[in-house]
Each structure stands twice: as structure tokens, then as C-alpha cells.
Protein chains: 4
Amino acid sequence: MTTHRLVCNVWHNILGTVPPALHVGDGDSVVTETLDAMGVDKDGVSRASGGNPMNGPIHVEGAAPGDRLLVEIVRMTPIRPMGWTRASLAANVVQPERVRDLPQSARTEWFIDIEAGTVSLAAPVAGLEHLVLPLDPMIGCFGVAPDRGQAFSTATSAENGGNMDYRGFGPGTKIWFPVFVPGALFFLGDCHAVQGDGEIVGTGVETAMEVEVRLSVVKGTKIVWPRAETDEAILTVGNARPLDQALQHATTEMFDWLTGEYGLSGVAASHLMGQVIRYQVGNVFDPAYTMVAKIEKRWLPPKA
Amino acid sequence: MTTHRLVCNVWHNILGTVPPALHVGDGDSVVTETLDAMGVDKDGVSRASGGNPMNGPIHVEGAAPGDRLLVEIVRMTPIRPMGWTRASLAANVVQPERVRDLPQSARTEWFIDIEAGTVSLAAPVAGLEHLVLPLDPMIGCFGVAPDRGQAFSTATSAENGGNMDYRGFGPGTKIWFPVFVPGALFFLGDCHAVQGDGEIVGTGVETAMEVEVRLSVVKGTKIVWPRAETDEAILTVGNARPLDQALQHATTEMFDWLTGEYGLSGVAASHLMGQVIRYQVGNVFDPAYTMVAKIEKRWLPPKA
Amino acid sequence: MTTHRLVCNVWHNILGTVPPALHVGDGDSVVTETLDAMGVDKDGVSRASGGNPMNGPIHVEGAAPGDRLLVEIVRMTPIRPMGWTRASLAANVVQPERVRDLPQSARTEWFIDIEAGTVSLAAPVAGLEHLVLPLDPMIGCFGVAPDRGQAFSTATSAENGGNMDYRGFGPGTKIWFPVFVPGALFFLGDCHAVQGDGEIVGTGVETAMEVEVRLSVVKGTKIVWPRAETDEAILTVGNARPLDQALQHATTEMFDWLTGEYGLSGVAASHLMGQVIRYQVGNVFDPAYTMVAKIEKRWLPPKA
Amino acid sequence: MTTHRLVCNVWHNILGTVPPALHVGDGDSVVTETLDAMGVDKDGVSRASGGNPMNGPIHVEGAAPGDRLLVEIVRMTPIRPMGWTRASLAANVVQPERVRDLPQSARTEWFIDIEAGTVSLAAPVAGLEHLVLPLDPMIGCFGVAPDRGQAFSTATSAENGGNMDYRGFGPGTKIWFPVFVPGALFFLGDCHAVQGDGEIVGTGVETAMEVEVRLSVVKGTKIVWPRAETDEAILTVGNARPLDQALQHATTEMFDWLTGEYGLSGVAASHLMGQVIRYQVGNVFDPAYTMVAKIEKRWLPPKA
């Protein structure tokens, strides 16, 4: 169990089969510094073109198509005292006329106070003088190379992960991605200091972070969509448009989890999901939307 | 401030302009016993045709088009020890083949223990022996008559409310509906002892309840979609298909609330919503889906 | 077989169960003058409020729930030399920024020359000096009262018809609507001199017309969605949002037609539809979109 | 102006930046034999894995990002007397229960008679004994490498083309694709002897063809979505889900064409499109759906 430091000089705006930046063993940890969504580093220097330049990919020894890659988010530390957001709701999440006269491309700066664990507007905004948000770091875009030699822009998401912008993907969360290529080829970047559901202004508070992840291979247990686990719950992810379709994917993956590893019948899984499922919305800004299905562990049966 | 008891002999499967079952004053309370979604009463007697037969409508003195009707859910008490659910996920929320061999129309019985405050399967289901859910009552279908003489089935929902199946519509919640006709004409029914997000088996735990609501008129302050408030948060509701459209309606109504009563600029509202909004999913089973946008009160500015 | 003249003094902005304006026998014809979509008559006098005020309803003797109402469009004669359109694409059918600076609510006048059978812009528009369109009259909004006492705005459409804005609903076309209430209660209005697919500016060339329809009852042969027939083809209609859902409804109704009256197996219907179906787009402007599925008669088997 | 013969030994199941199989000059023609959608050649030999293995890519001299690649479909000749279809409507285009008992994965054989120019079922199907369809060849999947190093499965489609399954893409049609990479990298395959709108059984009549295309570069005239032209009409293509979104893309591209090359104002383009546009449905089977917007040339102004 080694801890590697990944220092990037090139970044990728796709998730695909490109030469690995690092080879690690099964169960190794990686520490790396990410750029923000526009490619700016911790010192304010533009290092890569946006959007969402990725560190990686990381080749994980032993990972093969049909396996899962387990990504444990160990730690996320902001390494820049400033983040930024867009200053207007996206035109697709409201009646467009509501935002037609807002500055769609303007950026707003936010202070990130790591000591205090807070995020706040850098310049006062009338009515929001009180707004001091808890620092709640998350990875906006991460995942693995897709199958068949495909390569997807980091503006979107699919079965292999990508730009899901789900605020639950923070320290302490474990995520399993389906592995499609030898070594899995894991990418990450686009970290947010805080973000509401839906990423409805097109950004969270975008900043540079030092991230530590642990990468392990789970052999021979195919999944279709990403799965995740926190201390309290298990989660499944669907990425598609419209949001109905994303919800169907997430719900199907949860059904398969419950009827698979947890050994429930289809009727029992229906009973459980019907009365305790929770949905959370990831990105509704990008070409593919993200929906997360969640079941608290206290409702789960023992594993089969 | 009178408390009325509404005893129904006829029920409605629409929300529309039909003769009132009761006239009440502004600020009065109403206690009434609802049937379950299939029209069965507290004694197990079939009293009305399903689905979702409504008590009412209640004509509220002084309510006029352009006003809001405030509905405070004071109390919801199950009056039957049994509820029921469908035994299969709906075919539209998963890959249809997952549920093609499940008994789509079969019903499963649940015990409702009011003393203990619990809901549990009446007959054991393998793997769910541990499943004792907290009683968490909610109104599945309620609202007012729509505009222009329209009348909508209680299978669906729209600007006037209807079959939203949002689990947050329980005791302690206040809901404002737009008023479209003189007297507002308020309907309610379809109570659930508990329900997961999305009502993805097509039901919550359906039962008969005694419900107390307080009805008040807020003059001259037009809203487009239902709004709500709990101790912790303010909420807005969108009803449409696909879910993206419902999300847009809810987000637009929240934007209008923040830029209206809370006096925020469009940019300030975008900042606030972008970083703190939460979405919750109501019904994704019916012709119109329901999405709720939510902002915790601790993030709100003082009212303008 | 009588021909009635229906002269209206009241118009309806809903399709619902309201008192009939006329009773006719099975197989009778009705001649009536419609207002335009904004309620203006042939003389330019505003007679009713928009949008889409309906003549009717017409009670057809013998029609009962579970029957079909056959509507034959015998004749449509413009009775006003002027029509109008909106001057901008609707914001939902293009990238909204393309039309944000266009005059969304402005109206443009068009000449309707009945002798010549043409429709042309009343005032010259640069680049469109050559645009002389063939007069191609159609009914934008027609249908019957829906079931269960529901009533729907003439801005939308459903199983009972309504504002479908399909350019194929012109003279010579036969349409079957499902009957939901005694007498069927048939409504019509919102005639267009010409219209492109989708009604993407929110209007066709809106005008007043004299319309003759023949109304007949087909007993005991339930349909779910409207069906139609021209000299060349049979058609089915789906009304819903998103357009995918409308397409599914239309396709399902066509499948039911082919496996029902035409006696094809499911596999045979799949073969036929898969290789010869044509889709046409009705309204993509209103709350419910319209999709039409079409099969040319030359490909049909003899009726079973 | 050379005519090249492209003989493939490897095929691709993606459209992306892979080594060219052939370099041609601007304006050159290419003749090539395609495999069917499952990778079977003219002799019935399986040569590549499905679905939709592509011939190519072809590097066109001088093509650079920001240009258009003009593809003229000169000729399509079936080179196998047999084609095949799936035997059931896809579950997403009808109510799923309609097709749940049909043989979803079964294949049906069709005869292709090049002399007679007909396509017919190889084995008799009750009720379809009369079904002799005109041979109407089309390319199901073709396009260019997408931008930013992306690579998309031939199961789907995007701005760069791909699996659009539009029956209008046959001999005599010219298509312009946006160029994203040097040389454009043009791919083609998946030819159909005939196909209905929507490819609703998941296939047309799939077969091997000899195809001749002429490839030319149009410098410096960026487009977002594919455009096309036939003798009678100009067309634009949108690929997305839901179908509404595909329609918006196609409509936006047509608006841009009319206000660009044809010099119309936004209002004039709205007038023209509003009254004469036609929509046609490509694929509604794959992850991205295809909608085509069409305007007959007789309605176009002279080019600006």
C-alpha cells in the first residue's frame, strides 16, 4: 500500500484511452493537486485549457474490463484561498426570460477559509451579507475511460462517470466505477468548495485542491452505473437526459444492487425502494444530467 | 376561527369547479376523514371510486382569483390499522424488463401502529424482516380548482396542486396554492402513512386518515406554482413532464420568491440558489411529475 | 341526414362537460363559423376571449362512453381576407438567445386570397417577396369532452383531442375521437389558412372560417388516442410531453389498430411499421406536444 | 479528381481520431464496400464486431477545424441479396407491454432484388403477403471525428453525425459535416435497403452495400450541426435526447442557415420557417435521437 504523488504537466479534457500519467498498485493511494474548472492552478496561473481539465489518467494494476474500480475519497484540501462561480442561473433551469438580462458569463469571487471551514462572497452582495457557507468539498468530475475506445468530453457524463457534479462525492465517500479498459484509467479534477444541488449556475465554488484518493480493484463483479457508499447510505448514479432517464438508470442500478448483493427478490426490492428511497440531483446543466438514488443503510438487509 | 367537521357523502376524482361541500371563513379549520386512494374508508368499506377520491371542495370565504390560499396541515391521524402498497416498481422508473415478471397489480398489506408510530409489512417478506418504518404521514393529493373552468383528474397535478405525492406535505407544513376561482375550492385526500421519494411503486402506504387543516386567504399576491414552508425551509413546487420541466417550474417559482418577497437581485438570487438549493422528487409515476426546490431558512435574507 | 347551422353566442376556452350548443343526430352535418385564435370574427369584431375559443359543444345522438365519434371535415372556407401570425419563433423550439431580441408578441398580417387559393404576407418582408403559399386550411383545435368530468384548456391537448395543430386535419380527412361522455360533446375552432409543422411561431395563419363537418357514432369500439384517415393513409395521434412520449402514444395506437382491425400479429405489425411508418409533428409549442404516426394505405393488409 | 477504392481490413465501432485508412484529395471520390450492422460482409462472412462497424476513416486533404466536409452520396448498390431486421418494435417506442412477449432479439430475413428494385420478406408472414417495398437505400451511420479527442460509439450520434438512421441520406443527397480535426476523418457504414421513420424496430433492412461518395472541403464556414441538400429541399439535423432537444438543435441550425447564407432577418426566418418547415424523424432507438428540419427550395430566397 504505497502513497503516490501525481504531479501533472499535461491535463485532459476528455475521459478516454490516453497514455497513463501514473501506474499504481491495487490498493495504493494517490495525492494530487487539481486545477480549477478553467485550468487555473493554486497560484492563479493558467496551466491548461478548460473546461474541467483532468489529472491523470492513473493506471491501476490488475484492473480489467468487467471489474469495478473502488475510489475512496480520503481527503480534499483547498489549496487556494479563492474560488469563483458564475453570476447567473443557467438558462435551462428557469424560464429563460428570468435570466436574460443577467451577466451570464460574469464570474464572482468567493473566499475560502480553510481554518474556519467557510466559504463566502469576496465582495458584498446586497441581501447576502449574512451568507457564510460551510466548506463542503466535492469532486465535480471524475471517472474512468469508457469502453470500445470511446472518449467523452469532461463537460458531460455517462456510465464511466465524468462531470456528475454531485455534492455527495466528498471526503469519506467510496465510489465504484465499472472498469472498461485494462488499468481502468482513472481521471479526476474540477473540485468545488461547496455547491448546491443541480449545479444550477453552471458552477460550484470552483477552486484548486489537493486530493487524496485510494484506488482498489474489485475483481469480476460487473456494474453498469457508478455506485457509492457513505457511512449512512448506499447510492447509485444515473447520467442521461432528460432527468427522467437519469432517474431510471439510477433506480435500475439500485434494484440490481438490492436483488444482487443483498439477495432481495424483485418484490422485496420494490417494497424497500418504494418506501425508503431518496433521490438527489447532480448536474442539470450539462449535456447529460445526473440523478442519484440513495438508501440509508439502516433499512438494508444483511448482504446475501 | 371556527373548526368545522366535513363529513362527505360524495367524493370527486377531479379538481375542478363543482358545488362546494362546505363553506368556511378565512382562517377557519376543518377536520375531515379521508378515504384511501381506492376509495375505501376507515372501516374497509368501499365508498367511492378510485383513484384518489377527494373530500371537498371547501369554499373559503373571501378567496378570489389572484389571491393565495394558505393551507396549514395541523394534524394527520391514521384511522385504520392497515394500509397497502403495490408490489412492484412502476415500469417507467426502471428498465421495464426488470419488473416485467413482477405482479404489477398485486397489493401488499402493511400494519400501521399509531401508538408506536410505525409502519411494517403485514406478512413477512424474506430479507425485510427488520423493516419497521417510522410513521410519517403526508397528503398525496390536494389543491384547488384550476382556472378557466378546467378540471383535472386526481391522477395528475398542475399549477393548482393535485396528485403531487411529495412526502414533505405532512403535519407542520404550510402550503400556499394560487387561487383561480371564487372561494378557492379546496380538495384533499389520498393520504399515505409513509412513502419514499418518487412514489415509485405507484403508491405510498395508502390508508384512511383524519386530517385537520387550517385555511386562510392571502389577498392579492399572485403566485404561479404552489409554495410551502416548514420550520426549517421554504419550498416551491413544479408539476410537469419531463422531470426537467418540473424542475424548471420549481426553480423559477423560487427565483420569483427570492427576488420578490425577499428583495434579492437576480444575481444575488442566483448566488444563493446556486450554492444552497436542494431538490426533492415528488411523484414520478403520474402523467405530470413533481419536483420540489428547497432553501433552508438559515440562508435566507430578511424579508424585503 | 340533416345539415344544421350552428350559430354561437358563447364560446368555450375549454373542452369539457358544459351544456350543448346544439343537438344533432348520428350522421348529421353541421356548418358553423369559427372565430380566430384570439376570438375575433369574420368582420374583425372581438367576440370571445382567446386563446382558441371553441364553437360548441355539439351533442351527437347516441354517442356513449366507449364509442368513437367520427368527424369528417367536409369543407373549410376562409371567411375573412386577413389572417395573422406571431413574428418570432417560440423560445422553446430554438436556442432561446436566437430569438431573445425578436418581437415575441408582435403580430404580422397575411392576405388570404380564396379565389387564387393563396396566402401571402400583407406587408413586404425583405427576402420573402416571393412567398406566396398555397391555401391549405386546417383545424388547429377540436375534440370532445374528456372523461371523469375533466375539462382541459384549449391551449393543450390529450386523449380527447384539443389543440393539436396538425396540418393534416383539413378537408377530406376523417378523424375518430374516443367518446367519454354521453353525446360526445364535440368542440371546434382555431382554424389556420396554412401552417408549418410544429406551429413553431405559436400560430399558423390564424383566421375565421366556415367549417362543415359530418358527425357519426361508431358504437362499441373503444380507442385510446385519436385516429384519422385520408385518401392515402391511416394516422394515429399522441399528445404529451416530451415529444418522445407523444411518439410512443401514437405508435402504440397504430400498433393496436394494426393488430386489432387489421388482424396482424405483433411481429407482422412490427415488420410493417418498422419499414413504412412515417411520423409528422403537430404542435411543439403548447403544454402537450403532438406527434402523428402514418401508414400509407397501399401497405395495409385487408381488414380482418 | 481521382476515384479511390477503399478496401478495409479493420473496422471501427467509434467515430474518433484513429489512424486513417485512406488519404484523399479535396474533391476526390471513394468507392467502398460496407459490412452490415453486425459486421457481416457481402458473402455472409463475419468480418468485424457489431454494431455498426465503420469503413474508414478517410483523411481529406486540406480539411481543418472550422471547415465543413461536403459528402455527396453518389451511389449505393446492395451487394448481397439478403438483408435482415429485428422482429419486434423497440420497447421505448411503444407501451412496453405491447411488445413484451415478442421475440426482441430474433432476426427476420428479407430479399433484396436489385434488378426489380424491391425489398420483401424472405419467408411469408400472415397479412404481409402483399408487402413488396421499393428499394430505397440509405446510410444509417456516417460522420466525422468529433472535437477535443472525443470518440463516440457508432450506436449514437452527435454534432459530428454518427448513427442518425435518417432515410433521406441516400443517393443524390449532399451532407455537410462540421470538421473538428485535421483531415476531417470521415467514417461510413450501416447501410439499409429500406427503413421507416424512427428505425423503430432498431434496424432498417440491414445489408452490405457498395457505396460511392465524393468528399470536398468547404473552407472557413463553420456549422454546428450537419446540414444537407436534396434536389427539392435543404435540411438540418439535430441529435439529442429527448426528441424535443433534437428538434431544437435542428431548428436552430436552420435558423442560422436562413439568417446566414440566405440573409434573412430573424423575423423573416421566423415567418418562413413558421409556415413551411417540415420535420422528419431519424433514429428514436439509440441513446441520442435524430430530428431533421426541412425547407423546400421553392420557398427559399436567393442566397445573400
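Source: prediction; values computed, not measured. (Residues numbered from 1 in each chain as written. Chains lettered and ligands numbered in written order. Predicted model: local features only at pLDDT ≥ 70, side-chain atom pairs only at ≥ 80, totals over all residues. Heavy atoms only, no water.)

Visitor: I tried to follow unusual backbone geometry on my own but got confused; where do I start?
Guide: Leaving glycine out, the prevailing phi sign among residues is negative, and the prevailing peptide bond configuration is trans. With an omega dihedral of 0 degrees, the bond running from Gly 50 of chain A to Gly 51 of chain A counts as a cis peptide bond. The residue Gly 51 of chain A is located in the loop between β4 (29–33) and β5 (55–60) in this model. Cis geometry marks the peptide bond from Gly 56 of chain A to Pro 57 of chain A, where omega comes out at 0 degrees. You can see Pro 57 of chain A is positioned in strand β5. Of note in this structure, Arg 148 of chain C is not a glycine but carries a positive phi near 60 degrees. Looking at the secondary structure, you find Arg 148 of chain C in the loop between β11 (138–144) and β12 (152–153). Its relative accessible area of 42% is what places Arg 148 of chain C among the partly exposed residues. Phi is positive for Asp 165 of chain D, close to 50 degrees, though the residue is something other than glycine. (Helix = DSSP H or I, 4+ residues; strand = E, 2+ residues; numbered from the N terminus. Buried < 20%, exposed > 50% of the residue type's maximum accessible area, 1.4 Å probe, protein only.)

Visitor: Would you explain the relation of the copies chain B and chain A in this entry?
Guide: Put simply, the two copies of the chain differ by a rotation about an axis and a shift along that axis. By a simple turn and slide, chain B fits onto chain A: the slide is 0.0 Å along the axis, the RMSD is 0.0 Å, and the turn is 180 degrees. Here the two chains are linked by the operation of a two-fold rotation axis. Using C-alpha coordinates, one finds that chain B approaches the rotation axis most closely at Leu 243 of chain B, a distance of 2.9 Å. The residues that chain B uses at the interface reappear at the interface of chain A in 100% of cases, marking a shared surface. (Least-squares fit on C-alpha atoms with pLDDT ≥ 70 in both. Contact = heavy atoms within 4.5 Å.)

Visitor: When you look at the pairing of strand β9 (residues 118–121) of chain A in this model, what are you seeing that I'm missing?
Guide: Every other side chain in a regular strand lies on the same face of the sheet, so the side chains alternate between the two faces. Residues and elements named next belong to chain A. Alternating residues of β9 divide into Thr 118 and Ser 120 and Val 119 and Leu 121, and every residue in both groups is buried. Between strand β8 (residues 107–113) and the antiparallel strand that follows it, β9, lie four residues; Gly 117 among them carries a positive phi value of about 70 degrees. Sheet topology places β9 next to strand β10 (residues 132–134); three bridges connect them, and they run antiparallel. When the bridges of β10 are listed, Val 119 appears paired with Leu 133. (Pairing = 2+ DSSP bridges.)

Visitor: Would you mind going over the pattern of salt bridges with me for this structure?
Guide: Oppositely charged side chains may form a pair once their charged atoms are brought near each other. Residues and elements named next belong to chain B. All chains considered together, the criterion is met by 71 salt bridges over all chains. Put simply, Glu 253 and Arg 227 hold a salt bridge, and the shortest N to O gap is 2.7 Å. Here Arg 227 lies in strand β18 (residues 227–229) and Glu 253 lies in helix α2 (residues 243–259), a separation of 26 residues in the sequence. Across this residue pair, the class does not change: Glu 253 and Arg 227 are buried. (Salt bridge = Lys/Arg side-chain N within 4 Å of Asp/Glu carboxyl O.)

Visitor: Hey, could you run me through the interface of chain B and chain A in this one?
Guide: When the parts of a complex come together, some accessible area is lost, and that lost area is often taken as the interface size. The interface of chain B with chain A comprises 67 residues on the first partner and 67 residues on the second. Both faces considered, chain B and chain A share a buried interface measuring about 5,200 Å² in area, 66% of it formed by carbon and sulfur atoms. At the boundary of chain B and chain A, one finds two salt bridges. One salt bridge connects Asp 256 of chain A with Arg 98 of chain B, and the closest N-O pair in it is separated by 2.6 Å. Counting across the interface, chain B meets chain A through 23 residue pairs in polar contact (both at pLDDT 80 or more). Elements with a minimum of two residues in the side of chain B that touches chain A: β7 (82–86), β8 (107–113), β10 (132–134), α2, α3 (266–276), β20 (278–281) and β21 (289–296) of chain B. Tallying contributions element by element places α3 of chain B first for the side of chain B that touches chain A, with ten residues. Tallied by class, residues from the side of chain B that touches chain A come to 38 nonpolar, 20 polar and nine charged. (Buried area = accessible area lost by both parts, 1.4 Å probe. Polar contact = N/O pair within 3.5 Å; in protein donor to acceptor, adjacent residues only side chain to side chain. Nonpolar A, V, L, I, M, F, W, Y, C, P; charged D, E, K, R; others polar.)

Visitor: Just checking my understanding: could you explain the domain arrangement of chain A for this structure?
Guide: Residues and elements named next belong to chain A. Split by domain assignment, chain A resolves into domain 1 (3–79 + 139–218), domain 2 (82–134) and domain 3 (227–299). Once you take the C-alpha centre of each, domain 1 and domain 3 turn out to be 22 Å apart. Counting residues at the interface gives 22 residues for domain 1 and 20 residues for domain 3. Buried surface at the junction of domain 1 and domain 3, summed over both partners, amounts to about 1,700 Å²; 49% is from carbon and sulfur atoms. Connecting domain 1 to domain 3 are one salt bridge. Notably, a salt bridge pairs Glu 261 with Arg 68, separated by 2.9 Å at the nearest N-O pair. (Domains from an automatic or database assignment.)

Visitor: Looking at this structure, I do not really get helix α3 (residues 266–276) of chain A. What am I missing?
Guide: For an α-helix the count is 3.6 residues per turn, leaving residues at separations of three or four pointing the same way. With ten of eleven residues buried, α3 of chain A is to be regarded as a mostly interior element. Here α3 of chain A has its buried residues at Gly 266, Ala 268, Ala 269, Ser 270, His 271, Leu 272, Met 273, Gly 274, Gln 275 and Val 276 of chain A.

Visitor: Explain the interface of chain C and chain B here, please?
Guide: Between chain C and chain B, the residue contacts involve 13 residues of the former and 13 residues of the latter. Between chain C and chain B, the buried area comes to about 1,100 Å², and carbon and sulfur atoms account for 45% of it. Ranking the residues of chain C by area buried against chain B places Arg 148, Gln 150 and Arg 241 of chain C at the top, with a combined share of 46%. The tally of links between chain C and chain B comes to zero salt bridges. The interface formed by chain C and chain B includes seven residue pairs in polar contact (both at pLDDT 80 or more). In the side of chain C that touches chain B, the residues fall into four nonpolar, seven polar and two charged.

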